[in-house]
Amino acid sequence: MTSYQSRLGEGEGVAEELAESQRAISIAEFFEKNKHMLGFDSGARGLVTAVKEAVDNALDACEEAGILPDVYVEIQEAGDYYTLIVEDNGPGITKEQLPKVFGKLLYGSRFHKREQNRGQQGIGISAAVLYSQLTSGKPAKITSRTQGSDEAQYFELIVDTDTNEPEIDVEDTTNWDRPHGTRIELEMEANMRARNQLHDYVKHTAVVNPHARIELREPQEHFKYERATDQLPAETEEIRPHPHGVELGTLLKMLDATDSYSLSGFLQEEFTRVGGKTADGVIENFKDRHYGREMAWSPPEAHEDADVARAVQGAVSNKGKEATDAFADEVAETVGNNETLAHHELADVVDNVAARVADEHDKTFGDTVREAAVEAAWEAITDERTGDVYQLVDEATTTRKDDAAVQGLAERVAAKFEAGERHRVTLAAVEEYVDRAADMTEERDDATFGDTARENVVDQLWTRARRVPDEAPNVSEVADDRDDASDLLEAMRETDIIAPPTDCLAPITDELVEAGLTKEFDADFYAASTRDASVHGGDPFIVEAGIAYGGDVEADGKAQVMRFANRVPLVYQRGACATTDVVKDINWRNYGLDQPGGSGIPNGPVVVMVHIASTNVPFTSESKDAVANVPEIESEIELAIREAARDLKSYLNKRRSMQQRRKKQNKLATILPEMAEKLTEVTDSPELQIDDSLARIMNNVLVEREVEDGEVRVIVENNADTNADIEMTDIVTAEPQATNGANVVEMDGEWFVKWSTTVASGEEEVLEYSVTDEADFELSVDGVEDEKLTVNA
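Residues numbered from 1 in each chain as written. Predicted model: local features only at pLDDT ≥ 70, side-chain atom pairs only at ≥ 80, totals over all residues. Heavy atoms only, no water.

Peer 1: Teacher, can you tell me more about the overall build of the chain here?
Peer 2: The secondary structure content of the chain amounts to 24 helices and 26 strands. Here the C-alpha atoms of the chain give a radius of gyration of 40 Å, more than 25% beyond the 28 Å that 2.2 N^0.38 yields for 793 residues. Overall, the C-alpha framework of the chain stretches about 130 × 95 × 55 Å when taken along its three principal axes. Across the 793 residues that make up the chain, the buried fraction comes to 49%. In the chain, 71% of the contacts between residues at least 6 apart in sequence involve partners at least 24 apart. For the chain, the accessible area works out to roughly 38900 Å², and carbon and sulfur atoms hold 42% of it. Across the chain, the mean location of the 79 positive side-chain charges is 4 Å away from that of the 162 negative side-chain charges. (Helix = DSSP H or I, 4+ residues; strand = E, 2+ residues; numbered from the N terminus. Rg over C-alpha atoms; globule rule 2.2 N^0.38 Å. Buried < 20%, exposed > 50% of the residue type's maximum accessible area, 1.4 Å probe, protein only. Contact = heavy atoms within 4.5 Å. Areas by Shrake-Rupley, 256 points an atom, 1.4 Å probe, with all protein chains shown as cover. Lys, Arg positive; Asp, Glu negative; His and termini not counted. Charge placed at Lys NZ, Arg CZ, Asp CG, Glu CD.)

This is the structure:
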């Protein structure tokens, strides 16, 4: 069969035939053929991704409305298909917006907002609807009720992939028991092979969203995750872009769209953290690139052959000898009073002198005369430049440089500035001058000027040069010239500007990170860390880390690494994520964990979680499964983990110390009774009490009770090297009297005598009270580890 391509060359009009086959495609049609890009590459993963997108939307909707989220997820098996149902108690969606939210890709309210959000592009839930209709051929069923509405809206719809618009099959009102919220039902070809990832996603979502209640019901199991706090995430505020985070195309677009006329107004109106002073700094740097600077030279007294007065006299005519001499002499004197002068500064000197002399001699020195005088004086000033450059080169290079080499470099650099010119140069031009002169000096004079020396010379020359007084171009001029816009962009980037505000972010906080871990992991130890905000590409971000160790955390194999971005678990592509890379690169042996080979995921009963909150998380793909390897973010991840890991190290060191102490104490507890028994036999003395001796040998806090004739004494003896803060409760079956400041609470026929005290090292404290009847006692002591406490009461 003849191919289409082979027939294109037959006859004329090939381009026309090719043109007829060209057509635009909608974004929905594109993702219809590339659904793997959004995380729908298999039935197993497609189900997890659909749950993720629906739950993320539910949490976002609730939080934006200030509602504590209650999210219900149900998965029903129906032959080769599964039905996914997700309900929330959010504010609901209006009738007009609902079809577009679920049936139009790239439709949303967050894409242009610079604030922390779970989703931004408006693709996720509509992509789940698209995957559902592609695999099952059935529409999505959506119910939503807004607050205060009598009835709920019900839609059945699909995505028209040709137009990327919702196609509504059913539109009706219905009764629904929720007062407000949204429910979506999707049928799709799927399987439960990714059940572990599904469970991980829901559990991890509960960890990182401790304010949410989440329920998952699937064919095999039923899970409920209760909220650990009633505290909603902090409200975020949208911020303007930061000057360090825009690109050239974006800047050109902003310049074209702004209402500002001046660059100063544009910078202050369109960017965050830019006030008048910062805008002035950006504009000065921009002018350096746009106009360059003017080189400044020493006054003529430093040059034997220069005579500014004579030069000015020669440039002035028809003003009379007296006025001309006065004008020339005062210009020369004023010039001589300056250490260095640039061309525009000389022009100011001439203007000021001309005005004074004109008043004194009743002569007019017009623009033409002034310009001639400036050029004549400037030529005299710049006639000899080598001495100035020699001084700068000598200051910039080491004392080991030969004078001939310095002189050679100075002469060649000075020659780049021709006498009489204004000497307006850019930094790039100065760098070029120095590089060429240094290369020539090395070649001809056998002298070496390395990169550092060249940079120092450039810095000296650039510092000597004066910024020009010219007004900066206005916004429209910069917008019309790509090179000018590029110069402005570079000026913004090189200006020190404080980091963006962080009220656009809502970190979990270390307190709630720990609460989330405590809620879902029964561990022995928890630690959390929330870093201060940092900036990447102009977008602020905050990294948080948490660690749970011991207890019921799985002890066999590798540590569990939980990755989150904007409160969303990342359950796929763990090996391609910056978080995983950082965890692997940390030397966990320093923190008490087993790590074969000194790198990789550590072993042991430990959970390591990392959360990145940002206005723009740099994901590696559209499916948002992994964070890109951005150095600034990796550095903050490492610092956050290390902060929490230091607490883990302290805990493990203390635990090992307590284990050694317990082992020693057990040995003593075995040996001392035998010694006491032998000593009693030999000395024929009463049986010895070893508890006191054991406490003193082990430097323990010893607590004893003495009861005699109704008088009770509880003695706390501190044999440790540090003070002991004791919280003690004595439970008594008879009402105590004269408790000397202790707090007494009666409950169900028992009295709780509560006492708090600090006992200094080597000292003892006594709690005394009395009971009128016979009583039983039960003592509880807090504030001291069990291994450091001996109770004989």
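Structure's up, so let's keep going.
Peer 1: What is the right way to look at the side chain of aspartate 388 in this model?
Peer 2: Relative to the elements of secondary structure, aspartate 388 occurs in helix H15 (residues 386-396). Judged by its relative accessible area of 3%, aspartate 388 falls in the buried class. Discounting residues that sit within four places of it in the chain, aspartate 388 has contacts with Trp297, Ser298 and Arg464.

Peer 1: Could you clarify how one ought to interpret the packing of helix H16 (residues 403-416) against helix H17 (residues 427-445) in this entry?
Peer 2: How two helices pack is summed up by the angle between their axes together with the distance between the axes. Taken N-terminus to C-terminus, the directions of H16 and H17 make an angle of 140°; their axes are 9 Å apart at the nearest point. Our classification of the angle between H16 and H17 gives oblique. The way H16 lies across H17 gives a crossing that is right-handed. Contact residues: Ala405, Gly408, Leu409, Arg412, Val413 and Lys416 in H16; Tyr433, Val434, Arg436, Ala437, Ala438, Met440, Thr441, Arg444 and Asp445 in H17. In terms of residue class, the contact of H16 with H17 is built from eight nonpolar, two polar and five charged. (Axes fitted to C-alpha atoms, helices over the stretch in contact; angles between N-to-C directions. Parallel < 35°, antiparallel > 145°, perpendicular 65-115°, else oblique. Left-handed = near helix turned anticlockwise from the far one by under 90°. Nonpolar A, V, L, I, M, F, W, Y, C, P; charged D, E, K, R; others polar.)

Peer 1: Would you mind going over the layout of surface pockets with me for this structure?
Peer 2: Any empty space left between the atoms is revealed when a probe the size of a water molecule rolls over them. Of the volumes computed, that of the second largest pocket is approximately 450 Å³. As for the second largest pocket, its lining consists of 18 residues, of which Asp200, His204, Gln560, Val561 and Arg574 are closest to the centre. Elements that contribute at least two residues to the lining of the second largest pocket include exactly helix H7 (195-208) and strand E15 (560-565). Sorting elements by how many residues they give to the lining of the second largest pocket places H7 first, with five residues. By residue class, the composition of the lining of the second largest pocket is six nonpolar, six polar and six charged. (1 Å grid on protein atoms, 1.4 Å probe; cavity = no way out; pocket = protein on both sides within 12 Å on 5 of 7 lines; lining within 4 Å. Points joined across faces, edges and corners; volume = space filled by probe spheres on them.)

Peer 1: Would you mind showing me how to read the pattern of salt bridges here?
Peer 2: For side chains bearing opposite charge, pairing can occur when the charged atoms are close. Per the counting criterion, the structure on display carries 42 salt bridges. One salt bridge connects arginine 454 with aspartate 439, and the closest N-O pair in it is separated by 2.8 Å. On the criterion of sequence distance, the pair formed by arginine 454 in helix H18 (residues 451-464) and aspartate 439 in helix H17 is long-range, its members being 15 residues apart. Among the residues examined, aspartate 439 registers a relative accessible area of 41% and is labelled partly exposed. (Salt bridge = Lys/Arg side-chain N within 4 Å of Asp/Glu carboxyl O.)

Peer 1: Quick question: what am I supposed to make of the environment of serine 635 here?
Peer 2: Relative to the helices and strands, serine 635 resides in helix H23 (residues 631-683). Sequence separation between serine 635 and valine 582 is 53 residues, and the spatial gap between their C-alpha atoms is 8.4 Å.

Peer 1: Even after reading the chapter, I still don't get the sheet that holds strand E19 (residues 711-718), so can you show me in this structure?
Peer 2: Neighbouring strands of a sheet are bound in pairs by backbone hydrogen bonds; such pairs are parallel or else antiparallel. Pairing in this open sheet of five strands is mixed, and the strands run E21-E24-E19-E18-E26 from one edge to the other. Across the chains shown, the open sheet's two edge strands, defined by having one partner strand only, are strand E21 (736-737) and strand E26 (789-792). By the bridge criterion, eight bridges tie strand E18 (residues 701-708) to E19 in an arrangement that is antiparallel. Opposite valine 703, over in E19, you have valine 716 as the bridge partner. (Pairing = 2+ DSSP bridges.)

Peer 1: Honestly, the nonpolar core in this entry has me stumped. Any pointers?
Peer 2: In summary, soluble globular proteins display a tendency toward joint burial of nonpolar side chains. Core analysis: the largest hydrophobic core is formed by 53 residues, its most contacted members being Val312, Phe327 and Phe365. For this core, the elements supplying multiple residues, two or more each, are helix H11 (308-315), helix H12 (321-336), helix H13 (343-361), helix H14 (367-381), H15, H16, H17 and H18. With near-sequence residues (within four places) excluded, valine 312 lies in contact with Phe327, Ala328, Val331, Ala373, Ala376 and Ala377. (Core = buried A, V, L, I, M, F, W, Y, C linked by side-chain atoms within 4.5 Å.)

Peer 1: I'm lost on unusual backbone geometry in this one. Help?
Peer 2: Of all residues except glycine, most have a negative phi; of all peptide bonds, most are trans. Residues other than glycine seldom take positive phi values, yet threonine 509 does so here, at roughly 85°. Classification of threonine 509 as partly exposed rests on a relative accessible area of 30%. The phi torsion at asparagine 566 lies on the positive side, around 50°, for a residue other than glycine. Take asparagine 566: it is sitting in the loop between E15 and strand E16 (568-569). Note on asparagine 566: relative accessible area 6%, which makes it buried.

Peer 1: Hey, could you run me through the packing of aromatic side chains in this one?
Peer 2: Each aromatic ring pair is characterised by the separation of its centres together with the angle its planes make. Tallied over the full model, the rule gives eight aromatic pairs. Aromatic pair phenylalanine 266 and phenylalanine 271: ring centres 5.6 Å apart, planes at 90°, arrangement edge-to-face. Taken as a pair, phenylalanine 266 and phenylalanine 271 share a single burial class, namely buried. With a centroid separation of 4.8 Å and an interplanar angle of 20°, the aromatic rings of phenylalanine 525 and tyrosine 651 are classed as stacked. In this pair, phenylalanine 525 sits in strand E12 (residues 525-530) while tyrosine 651 sits in helix H23, placing the two residues 126 residues apart along the sequence. Assessed through its relative accessible area of 23%, tyrosine 651 is described here as partly exposed. Each member of the aromatic cluster is reached from another via a ring pair, and the members are Trp297, Phe417 and Tyr433. The ring of tyrosine 572 carries the charged tip of arginine 45 above its face, separated from the ring centre by 4.4 Å. Across the ring face of phenylalanine 521, the terminal group of lysine 203 is positioned such that the distance to the ring centre comes to 4.2 Å. (Phe/Tyr/Trp six-rings, centres within 6.5 Å; stacked < 30°, edge-to-face > 60°. Lys NZ or Arg CZ within 6 Å of the ring centre and 35° of its normal.)

Peer 1: How should I be thinking about the sheet that holds strand E6 (residues 181-189) in this particular structure?
Peer 2: Ordered in space as E5-E4-E3-E6-E2-E1-E7-E8, the eight strands form an open sheet in which the pairing is mixed. The outermost strands of the open sheet, each flanked by one partner alone, are strand E5 (165-174) and strand E8 (222-225). For this sheet the average axis-to-axis angle between neighbouring strands, irrespective of direction, equals 15°. Bridging between strand E2 (residues 81-88) and E6 involves eight bridges; their strand directions are antiparallel. Each residue of the ladder has a partner; that of aspartate 88, found in E6, is threonine 182.

Peer 1: What exactly am I supposed to notice about the pairing of strand E4 (residues 152-160) here?
Peer 2: Working note: regular strand, side chains alternate between the two faces of the sheet. Most of E4 is tucked away: eight of the nine residues are buried. Pairing of strand E3 (residues 140-145) with E4 involves five bridges; the strand directions are antiparallel. In the sheet register, serine 144 faces E4, and the bridge partner there is glutamine 153. Hairpin connection of E4 to E5: four residues between the antiparallel strands, including asparagine 164 at a positive phi of 55°.

Peer 1: Would you take a moment to explain the side chain of threonine 397 for this structure?
Peer 2: Assignment of secondary structure puts threonine 397 in the loop between H15 and H16. At a separation of 2.8 Å, a polar atom in the side chain of threonine 397 contacts the main-chain carbonyl oxygen of valine 393. Setting aside residues no more than four positions away along its own chain, threonine 397 makes contact with Val406, Phe449, Ala453 and Val457. (Polar contact = N/O pair within 3.5 Å; in protein donor to acceptor, adjacent residues only side chain to side chain.)

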